[in-house]
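# Close look at the chain arrangement
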Amino acid sequence: MYLGLDLGTSGVKALLIDAGQGVIGSGHGSLDVSRPHPGWSEQDPLHWIRACEDAIAELKASHPAQVAAVKGIGLSGQMHGATLLDAADQVLRPCILWNDTRSHVEAAALDADPRFRALTGNIVFPGFTAPKLAWVKNNEPAVFAKVAKVLLPKDFLRLWLTGEHMSEMSDSAGTSWLDVGKRRWSPELLAATSLDEKHMPSLVEGTAKAGGLRAELASKWGIAAGIPVAGGAGDNAASACGMGMVGAGHAFVSLGTSGVLFAANASYLPNPASAVHTFCHALPNTWHQMGVILSATDSLNWLSEITGKGAGELTGELGETLKAPSGLSFLPYLSGERTPHNDSAIRGSFTGLAHESSRAVLTQAVLEGVAFAFRDSLEALKTAGTSLTRVTAIGGGSRSRYWLKAIATALQLPIDIPADGDFGAAFGAARLGLIAATGADPLAVCTAPRTDATIEPDAGLGGAYTDAYQRYRALYPAIRAVTA
């Protein structure tokens, strides 16, 4: 048996697979996000441990014999979070999360240093880790002075699991400290934020062993002590491993809290000016590109809270047949935007509201706005040298066939829906745990699931969607002018 642990923003998932990669069972532990000020987003790292223990306890209660047979563990997790530890490995402050934008001033200052884009292949986004440390230095100098180690969220779980300060390439590529082409920490970039390599965890590939399970936890869970804990991956790279998206041209669209258009690459293809992320993949000698939108299902969840109707109920009101855009446009910039704008100050809007703008029309506009944000990412990927012929859908929002039809029509690409199963980040992490424990060929393990259905673009609405996308594109500079 092999265990995948995925530390998300809203919870920890523990997924158990057998040697044939069949899913045996799963457990879950819940998490909350603290937003003490506008633009802030934090979590207490100790809550991650509690949620992980809850997830494993639930899994162990339902599958005790199978949990006892675990021979390898893999980790995945939310990226970019700044987890600050002192010399005794005590947490110094709440972790500043991926969707926290307080460090926009520091990010702009670092991005103005040409070394960052040259070595990382990326814009320095406010959500990345390095500008958060610059913010802490500027605003909480007493905390910064005590920082002995900076860990990414999943690697704090690794410290608890193994006692080791270790990370891997895919997650570390999102810090703005990694030389992404050479897959190693950059002393120059660390020095630019008053840090050095001793503040960083050591690095391995995601398929390699990165510590062994501590005897105390092994005894508590009834698992053999010392079993390998794989390097693992950032959440999107882990999802790609779960989906078998590891070869050049493989791509997926993820409709989660945030939205991701992900493409695997056989070589390092940076183009930071496009605001596309270019990161290391979890497998050796592979990379990937991502267009990222900050509020995907979060946009629908926001509308759900406003209307008092569940997200499924809202999308259900639209039926299955795709409708032509109504003329009401929605910009999903509820907490700023990454691709293609790199703009932490921009905020969302409805434009074109009228008396006939019913709840269903608002829902339709939200789904279309997110679809057009994915189209922005597709255009950015094209400028970065990546062309796609089809994508696979994952994430909670992909349960809405209407939404997938809207995205397929906006992208003008077919979208494959995988057969029933759990192929997300926790599954990818479990696969990496299997590889680390057995030495299996990563390409033989990270295969794609069977396609259950394919959503084709609506040819009859292609022109209407193109026109609506052009309206959407014209709105950003107009809204930016009044929110700057």
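Residues numbered from 1 in each chain as written. Predicted model: local features only at pLDDT ≥ 70, side-chain atom pairs only at ≥ 80, totals over all residues. Heavy atoms only, no water.

## Some remarks on the pattern of salt bridges
With the rule as written, the count across this model stands at 22 salt bridges. Between Glu-188 and Arg-115 there is a salt bridge whose closest N-O contact spans 3.7 Å. With Glu-188 in helix H9 (residues 187-191) and Arg-115 in helix H4 (residues 114-120), the pair connects residues that are 73 residues apart, well separated along the chain. Glu-188 gets classed as partly exposed once you look at its relative accessible area, which sits at 41%. With a relative accessible area of 32%, Arg-115 lands in the partly exposed category. Note that Lys-309 is salt-bridged to Glu-313, the shortest N-O span being 3.6 Å. Its relative accessible area of 26% is what places Lys-309 among the partly exposed residues. Assessed through its relative accessible area of 41%, Glu-313 is described here as partly exposed. Three or more residues joined by partner-sharing salt bridges are found here, namely Glu-42, Arg-93, Asp-100, Arg-102 and Glu-140. (Salt bridge = Lys/Arg side-chain N within 4 Å of Asp/Glu carboxyl O. Helix = DSSP H or I, 4+ residues; strand = E, 2+ residues; numbered from the N terminus. Buried < 20%, exposed > 50% of the residue type's maximum accessible area, 1.4 Å probe, protein only.)

## As for the packing of helix H14 (residues 359-383) against helix H15 (residues 401-411)
It is at 9 Å that the axes of H14 and H15 come closest, and there the two elements cross at 40°. Overall, the two elements H14 and H15 adopt an arrangement that is oblique. Here the hand of the crossing between H14 and H15 comes out right-handed. Contacts from Gln-364, Leu-367, Val-370, Ala-371, Phe-372, Phe-374, Arg-375 and Leu-378 in H14 reach Tyr-402, Trp-403, Ala-406, Ile-407, Ala-410 and Leu-411 in H15. (Axes fitted to C-alpha atoms, helices over the stretch in contact; angles between N-to-C directions. Parallel < 35°, antiparallel > 145°, perpendicular 65-115°, else oblique. Left-handed = near helix turned anticlockwise from the far one by under 90°. Contact = heavy atoms within 4.5 Å.)

## Quick notes on the side chain of Thr-101
Assignment of secondary structure puts Thr-101 in the loop between strand S7 (95-96) and helix H3 (104-111). Exposure remark for Thr-101: the relative accessible area of 11% places this residue in the buried category. When residues no more than four places from it in sequence are discounted, the contact partners of Thr-101 are Gly-39, Pro-126, Ser-335 and Ser-344.

## As for the pairing of strand S17 (residues 259-265)
With 7 of its 7 residues buried, S17 lies for the most part within the structure. The side-chain alternation of S17 yields two buried faces, one formed by Gly-259, Leu-261, Ala-263 and Asn-265 and the other by Val-260, Phe-262 and Ala-264. With 5 bridges connecting them, strand S16 (residues 251-255) and S17 associate as antiparallel partners. Within the sheet, the bridge partner assigned to Ser-254 lies in S17 and is Val-260. Taken together, S16 and the strand that follows it, S17, pair antiparallel across an intervening segment of 3 residues. With 7 bridges joining them, S17 and strand S19 (residues 287-293) adopt antiparallel strand pairing. By the bridge assignment for S19, Asn-265 is matched with Trp-287. (Pairing = 2+ DSSP bridges.)

## Re the state of the cysteines
One pass over the structure, following the stated rule, counts 0 disulfides. Between Cys-95, a free cysteine, and Cys-52, which holds the nearest cysteine sulfur, the sulfur-to-sulfur gap is 15 Å. Its relative accessible area of 0% is what places Cys-95 among the buried residues. (Disulfide = S-S within 2.5 Å.)

## Here's the deal with helix H12 (residues 297-307)
Listed in full, the buried residues belonging to H12 are Thr-297, Ser-299, Leu-300, Leu-303 and Ser-304. For H12, the buried positions fall inside an angular range of 155° around the axis, keeping them on one side. Exposed and oriented more than 90 degrees from the buried face of H12 are Glu-305 and Ile-306. Elements in contact with the buried residues of H12: S16, helix H13 (311-316), strand S20 (329-331), H14 and H15. One or two positions beyond H12, positive phi appears at Gly-308, with a value near 75°. (Arc of directions from axis to C-beta.)

## Some thoughts on the sheet that holds strand S23 (residues 415-418)
Spatially, the 7 strands line up as an open sheet ordered S18-S19-S17-S16-S22-S23-S24, and their pairing is mixed. The sheet terminates laterally at strand S18 (277-280) and strand S24 (451-455), the two strands that pair on one side only. Geometrically, the sheet is characterised by an average inter-axis angle of 30° between neighbouring strands, direction not taken into account. Here H15 sits on the sheet and contacts S16, strand S22 (391-394), S23 and S24; the angle it forms with S24, its principal contact strand, is near 55°.

## What to know about the nonpolar core
By size, the foremost hydrophobic cluster in this structure holds 67 residues, and its most contacted members are Leu-84, Leu-133, Trp-177 and Leu-432. Ranked by residue count, the leading element in this core is helix H16 (residues 425-438), at 8 residues. Apart from residues lying up to four places away in sequence, Leu-133 is in contact with Ala-82, Leu-84, Phe-144, Val-150, Trp-177 and Leu-195. With 54 residues, the next largest nonpolar core counts Leu-328, Ala-380, Leu-404 and Tyr-472 among its residues. (Core = buried A, V, L, I, M, F, W, Y, C linked by side-chain atoms within 4.5 Å.)

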